[in-house]
Amino acid sequence: MEQNFLNRELRILMLEDTPSDAELAEHELRKDGIAFTSMRVETRAAFIDALEQFQPDIVLSDYNLPDFNGMAAIQIVQREHPEVPVVMVTGALSDVEAVELIHAGARDYVLKDRLARLAPAVQRALAMERDLRARKAAEQALRKSHDELEERVRQRTAELTNANTQLQAEKAAQEELIGKLAEAHSQLLQSEKMASIGQLASGVAHEINNPIGFVNSNMGSLQRYMQDLLKLLSEYENAEQQLPEETRAALAGIKQQVDVAYLRNDVANLLSESMEGLQRVKHIVQDLKDFSHVDKQEKQWASLEQGLDSTLNIVWNELKYKADVVKEYAGIPQIECIPAQLNQVFMNLLMNAVQAIDEHGRITIRTGTDGDDVWVEVEDSGRGIEPEHLSRIFDPFFTTKPVGSGTGLGLSLSYSIVQDHGGRIEVKSAPGQGSVFRVVLPLHAAAA
Ligand SMILES: Nc1ncnc2c1ncn2[C@@H]1O[C@H](COP(=O)(O)OP(=O)(O)O)[C@@H](O)[C@H]1O
Ligand SMILES: [Mg+2]
């Protein structure tokens with residue numbers, strides 16, 4: 001026979017009250033080549049006991065027994081050992097009874113007068129059981145691998161979630177860094193610009209200084225010479241009466257031709273205007289020099305509030321008709337600085353503030369401390385700064401003022417002074433709503 005799936009000799013439990021019937025059945029099985037060990041029981045108690053002790057691979061059960069029956073046996077097997085197939089071996093059996101048995105769980109039934117069917121029936125039942133077990137094992141393996149897969153997916157998801165949050169954190173850190181980099185970059189650009197402009201300015205200032213010097217002194221001489229010449233002209237005019245009539249007429253003709261009266265007046269005007277112009281050029285040169293720090297001064301401990309007051313005094317004439325000046329000093333401590341330079345910063349801010357006011361407005365000067373910094377704020381109620389100008393106001397020569405009233409150097413100069421002090425200038429402004437310039441300086445000067 002084909003080797004059964006148990007890989008050992010078959011164990012058959014027979015529920016049969018007639019020993020000869022059992023022997024007949026055994027004979028049939030052996031005849032068909034099935035090797036087995038068997039045990040025969042008759043009662044319910046013996047049957048239950050044998051199910052546990054003998055551990056049969058298959059049960060062959062009679063239908064009618066003196067104090068037990070096949071149907072009950074099937075139910076016990078179904079309940080206790082559903083893996084053990086039951087084949088009924090009975091005398092006569094009605095169709096209804098047969099259907100009931102199969103319903104209850106019997107694998108097959110064989111009539112005692114057709115025992116030739118027994119061996120194939122047993123083999124079929126065992127084959128079916130083998131298939132069932134294989135399927136169960138496969139299902140179990142499938143479920144197990146499914147569970148394992150699910151666990152792996154869960155783990156992987158957790159890992160991915162972890163990696164994702166880490167990535168998010170890294171991304172945020174990166175964005176912050178990029179922001180800082182951009183800020184540093186723009187600061188670097190501004191200070192680069194300042195450094196090269198500083199060099200340029202000091203060169204230009206130097207070059208202009210010489211011609212300004214001699215033009216200035218020549219203008220002084222010219223003014224004196226003109227005064228002398230005019231004095232001489234007056235004397236000649238006084239002496240005119242003594243000249244002959246003819247000569248006087250000729251002189252009068254020339255005088256009218258050149259318009260001596262106007263000339264006399266205008267010469268003085270031209271000279272003083274030119275001197276004024278020269279003064280302005282000298283101022284610009286001085287600004288350029290200051291801007292490039294040609295004349296460096298020593299650092300000292302000084303009060304910014306005192307500096308503000310003395311600067312206010314100097315510019316008071318420009319301010320007093322155009323603005324109410326409000327001081328909100330916090331009584332900040334002295335800092336190590338070059339006061340003359342910072343005063344110049346304050347002067348620039350104050351002049352810009354008053355120049356931004358059209359009719360009449362208000363200028364507020366505040367001071368305060370913030371951690372290791374002190375700050376000075378100049379706020380005006382003026383016309384404010386256009387957003388597109390905000391990024392350019394610290395550029396040298398950037399001005400929105402008419403030619404002659406603005407050089408565009410004030411803020412760039414202030415910027416470099418404050419930067420040399422290890423500080424910064426912050427601006428807040430909106431068109432039509434005024435501006436606030438804040439100078440922030442470290443309490444303790446950086447070693448510079
Ligand atoms: N308080 C302010 N209100 C409005 N605009 C200002 C103010 N301060 C500066 N600005 C703008 O910045 C420009 C540059 O200022 P600045 O460098 O001092 O040069 P200038 O005063 O000679 O024009 C000014 O022309 C003006 O447009
Ligand atoms: Mg200015």
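Residues numbered from 1 in each chain as written. Chains lettered and ligands numbered in written order. Predicted model: local features only at pLDDT ≥ 70, side-chain atom pairs only at ≥ 80, totals over all residues.

Participant: Where do I start with the pairing of strand β14 (residues 435-442) in this structure?
Facilitator: It is a general feature of regular strands that their side chains alternate between the two faces of the sheet. By the alternation rule, side chains of β14 split into S435, F437, V439 and L441, which are all buried, and V436, R438, V440 and P442, of which none is buried. Here 8 bridges tie strand β12 (residues 373-380) to β14, and the two strands are oriented antiparallel to one another. Within β14, the position partnered with D373 by the bridge is P442. Strand direction decides the pairing type here: strand β13 (residues 424-429) and β14, joined by 6 bridges, are antiparallel. Paired with R424 across the bridge in β14 is V440. (Buried ≥ 20, exposed ≤ 12 C-beta atoms within 10 Å, placed from the backbone. Helix = DSSP H or I, 4+ residues; strand = E, 2+ residues; numbered from the N terminus. Pairing = 2+ DSSP bridges.)

Participant: Explain the domain arrangement of the protein to me, please; I cannot follow it from the model alone.
Facilitator: Many analyses report the size of an interface as the accessible area lost when the parts associate. Domains assigned within the protein are domain 1 (10-133), domain 2 (185-291) and domain 3 (300-442). The C-alpha centroid of domain 3 is placed 111 Å from the C-alpha centroid of domain 1. (Domains from an automatic or database assignment.)

Participant: In this structure, what is going on with unusual backbone geometry? I would like to understand it.
Facilitator: The bulk of non-glycine residues show a negative phi, and the bulk of peptide bonds are trans. The residue Q55 is not glycine, and still its phi comes out positive at about 50°. If you trace the backbone, Q55 turns up in the loop between α2 (44-53) and β3 (58-61). Judged by the 11 C-beta atoms lying within 10 Å of it, Q55 is exposed. Of note in this structure, F397 is not a glycine but carries a positive phi near 70°. With 10 C-beta atoms packed within 10 Å, F397 lands in the exposed category.

Participant: Would you take a moment to explain the pairing of β3 for this structure?
Facilitator: Going residue by residue along β3, you find I58 and L60 tucked away on one face and V59 and S61 tucked away on the opposite face as well. Relative to β3, strand β1 (residues 10-15) is paired through 4 bridges, and the arrangement is parallel. Paired with L15 across the strands is S61, a residue of β3.

Participant: Is there a simple way to explain the sheet that holds β14 in this structure?
Facilitator: Strand pairing in a sheet takes place through backbone hydrogen bonds and is either antiparallel or parallel in direction. If you walk across this open sheet you meet the 5 strands as β9-β11-β12-β14-β13, and the pairing is mixed. One side of each edge strand has no neighbouring strand; the edge strands of this open sheet are β9 (323-328) and β13. Here the strands of the sheet are splayed against their neighbours by 15° on average, with no regard to which way each runs. Relative to strand β11 (residues 361-370), β9 is paired through 6 bridges, and the arrangement is parallel. (Axes fitted to C-alpha atoms, helices over the stretch in contact; angles between N-to-C directions.)

Participant: Looking at this structure, how should I read the site of ligand 1?
Facilitator: Around ligand 1, 22 residues are found, and the nearest of them are A356, T399, G406, G410 and L411. Contributing elements (two or more residues each) for the shell around ligand 1: α9 (339-355) and α11 (410-420). For the shell around ligand 1, the residue count by class is 7 nonpolar, 13 polar and 2 charged. (Near = placed C-beta within 6 Å. Nonpolar A, V, L, I, M, F, W, Y, C, P; charged D, E, K, R; others polar.)

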